[in-house]
Amino acid sequence: MNGKQYGENTMKKQMGLAALILAGLACAQAGQTPNLIVVMTDDMGYADVGFNGCKDIPTPNIDRIAKNGVRFTSGYVTYSVCSPSRAGFMTGRYQQRFGHERNPRYKPNNPDMGLPLSETTIADALGKVGYRCGIIGKWHLGAHESLHPLNRGFHEFFGHLGGGHRYFPEELTIQDGTTVDSEEGSYRTWIVRNREPVKPANYLTDEFSDEAVRFVERNKAKPFFLFLAYNAPHAPLQATEEYLARFKHIADKKRQTYAAMVSAVDDGVGRMLDKLEELKLEENTLVFFLSDNGGPTSANASDNRPLRGGKSEVWEGGFRVPFAAQWPGRFPAGATYGQPVSSLDIFATIAALANAPTDPKRPLDGVNLLPYLTGQKEGVPHDVLYLRKFDQGRFAVRQGDWKLVIPGDGQDPQLYDLGKDLGEKNNLAGKNPEHVQQIDALRKKWNAQLVEPVFEGLLTKEK
């Protein structure tokens, strides 16, 4: 089924819910601003959730989000590697506009190694209209004090500042993360509560899930934004015996551990959703679920099928991710939306609903999804979506079902029709030179708006 068919099917479902949706929209416009929860996994495969067809890893709680709301089959992030993708989500802007195009090194003494202070975060904007903002889990936007979440709009932080972490508490042997100056060392630091290091007692994914439930409980009386940023199922592959026991039927040990890690996340999502129901907050809470990039299939045994490629690549498997959202009574329930949407749209959607201020000098690249999902606005949220990987000279541009790919420096553009060729197997560039020229002109225009990376990354030579 192609994107047009998805859109048509979704519209039919929406028509039956028009009265309910319009009533919900009226409530939102009347000032009942919703809570926002964004659940982001790390390095998760496109096909590793039930709502995208996964068979060997049950994800009933993550699937609840899609069942209660909308499954986005063409949900994208802005980059195919962790930190730049998170920078795009956090600002609602293509991160190449402000030079955040690499994974930063873990450098607590370097104020330039992370999300530039020139940028407004989603927490900055929501805090100005009375939201209590918290992040739990992975930050990866800078380890210097000036870049700390509590200096970027968040009121609460429980997590780690680096790009990954070990999961068993006995392996977290470094109390003070400011004494560490390496990525490897950062994986072994204690967890930080606000600015104080604390030694976790449990498996790290469970710690983050428990804290998410506590965050909802203690902030139930005020509008809140929670960024639940799991580092699972990012390497190292580690799971408890309790979770591993669920997957004895999986012979591949790497896939078995990966499945156990995903299952731990799913349990935590379920506990959080249950808390929303218990506190009668479910109908006033907008919940998004997505991964920060595609799965690195050889590294963690994730599955991106039927997409081509994976993490770090410009093929669909690199930045097209499992993506779903619920807002009972406002979003249609059980709908499938096939038009391209982006992690950029989360900031734009909540800013519109909450009337949160944004910087006119740094306009958002995302759009408010609500009018498209309710049928109030026709057309598609994005005419074009872009990806650039500066260090490799790679690009991807999606316009409608057409996708232009430049696989690397000096390589010829390739062209694919995603409506007929989701796996990007049939290069149509030679048969459609006019499409190549047209889309490449869009790419060049967009690229002229961008800047070069402003800090050295993990894979670049240190100056």
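Before reading on, note that the structure itself is shown above.
Residues numbered from 1 in each chain as written. Predicted model: local features only at pLDDT ≥ 70, side-chain atom pairs only at ≥ 80, totals over all residues. Heavy atoms only, no water.

### Quick word on the sheet that holds strand E4 (residues 132–138)
Two modes of strand pairing occur in sheets, parallel and antiparallel, and in both the strands are linked by backbone hydrogen bonds.
Point 1. One open sheet holds the ten strands; their spatial order is E7-E6-E5-E4-E8-E1-E9-E10-E2-E11, and the pairing between them is mixed. Of all strands in the sheet, those with a lone pairing partner are strand E7 (196–198) and strand E11 (335–337), marking the two edges. Between one strand axis and the next, the sheet turns by 15 degrees as a mean value, whatever way the strands run.
Point 2. Two strands pair when backbone bridges link them, and strand E1 (residues 35–41) and strand E8 (residues 224–229) are joined in this way by five bridges, in the parallel orientation. Bridge pairing links valine 39 to leucine 228 in E8.
Point 3. Along the sheet, helix H3 (residues 60–68) makes contact with strand E2 (70–72), strand E9 (285–291) and strand E10 (323–326), crossing E10 at roughly 65 degrees.
Point 4. Helix H9 (residues 253–278) contacts E1, E8, E9 and E10 of the sheet and is inclined by roughly 175 degrees relative to E1. (Pairing = 2+ DSSP bridges. Helix = DSSP H or I, 4+ residues; strand = E, 2+ residues; numbered from the N terminus. Axes fitted to C-alpha atoms, helices over the stretch in contact; angles between N-to-C directions. Contact = heavy atoms within 4.5 Å.)

### Examining the packing of helix H4 (residues 82–91) against helix H12 (residues 344–354)
Point 1. It is the contact of H4 with H12, at a shortest axis distance of 6 Å, that shows an interaxial angle of 15 degrees. As summarised for this structure, H4 and H12 are arranged roughly parallel, according to the angle between their axes. Where H4 crosses over H12, the handedness of that crossing is right-handed. Taking contact as the criterion, the partners of Gly88, Phe89, Met90 and Thr91 in H4 are, on H12, Leu344, Ile346 and Phe347. (Parallel < 35°, antiparallel > 145°, perpendicular 65-115°, else oblique. Left-handed = near helix turned anticlockwise from the far one by under 90°.)

### A few points about the packing of aromatic side chains
Point 1. In total, this model carries 17 aromatic pairs according to the counting rule given.
Point 2. Pairing tyrosine 94 with tyrosine 386 gives two aromatic rings, centres 6.2 Å apart and planes at 75 degrees, and the pair type is edge-to-face. Of the two residues, tyrosine 94 is situated in the loop between H4 and helix H5 (122–127) and tyrosine 386 in strand E13 (residues 384–389); the sequence distance between them amounts to 292 residues. Exposure class is identical for tyrosine 94 and tyrosine 386. Each is buried.
Point 3. Measuring from centroid to centroid gives 5.9 Å for phenylalanine 154 and phenylalanine 225, while their planes differ by 35 degrees, and the two rings are tilted. Of this pair, phenylalanine 154 sits in the loop between E4 and strand E5 (156–160) while phenylalanine 225 sits in strand E8, and the two are 71 residues apart along the sequence.
Point 4. Phenylalanine 225 sits in the buried class, given a relative accessible area of 0%.
Point 5. The cationic tip of arginine 308 hangs over the ring face of tryptophan 315; the distance from NZ or CZ to the ring centre is 3.5 Å. (Phe/Tyr/Trp six-rings, centres within 6.5 Å; stacked < 30°, edge-to-face > 60°. Buried < 20%, exposed > 50% of the residue type's maximum accessible area, 1.4 Å probe, protein only. Lys NZ or Arg CZ within 6 Å of the ring centre and 35° of its normal.)

### Some points on the pairing of E1
Point 1. Burial analysis of E1 places seven of its seven residues in the buried class, the great majority of the element.
Point 2. Because side chains alternate across E1, one face comprises the buried residues Asn35, Ile37, Val39 and Thr41, and the other comprises Leu36, Val38 and Met40, equally buried.
Point 3. With seven bridges joining them, E1 and E9 adopt parallel strand pairing. Paired with asparagine 35 across the bridge in E9 is threonine 285.

### Re the sheet that holds E13
Point 1. Taken in spatial order, the four strands of this open sheet run E13-E14-E15-E16, and their pairing is antiparallel. Looking at strand neighbours, the two that pair on one side only are E13 and strand E16 (414–417), the edges of this open sheet. Taken over all neighbouring pairs, the strand axes of this sheet differ in orientation by 15 degrees on average, direction set aside.
Point 2. Both strand E15 (residues 402–406) and E16 contribute to a ladder of four bridges, which runs antiparallel.

### A short note on the environment of aspartate 206
Point 1. Within the secondary structure, aspartate 206 is located in helix H7 (residues 204–218).
Point 2. On the accessibility criterion, aspartate 206 (14% relative accessible area) is buried.
Point 3. For aspartate 206 and alanine 264, which are 58 residues apart along the polypeptide, the C-alpha to C-alpha distance reads 7.0 Å.
Point 4. In contact with aspartate 206, not counting residues within four places along its chain, are Tyr243 and Arg271.

### Notes on the environment of alanine 47
Point 1. Mapping alanine 47 onto the fold places it in the loop between E1 and H3.
Point 2. Its relative accessible area of 9% is what places alanine 47 among the buried residues.
Point 3. Between the alpha carbons of alanine 47 and proline 306 there is a distance of 7.8 Å; along the sequence they are 259 residues apart.

### Comments concerning H4
Point 1. Of all ten residues making up H4, ten are buried, and the element is well covered by its neighbours.
Point 2. Within H4 the residues assigned to the buried category are Cys82, Ser83, Pro84, Ser85, Arg86, Ala87, Gly88, Phe89, Met90 and Thr91.
Point 3. Residues of H4 that are buried sit in contact with E1, H5, E4, E8 and H12.

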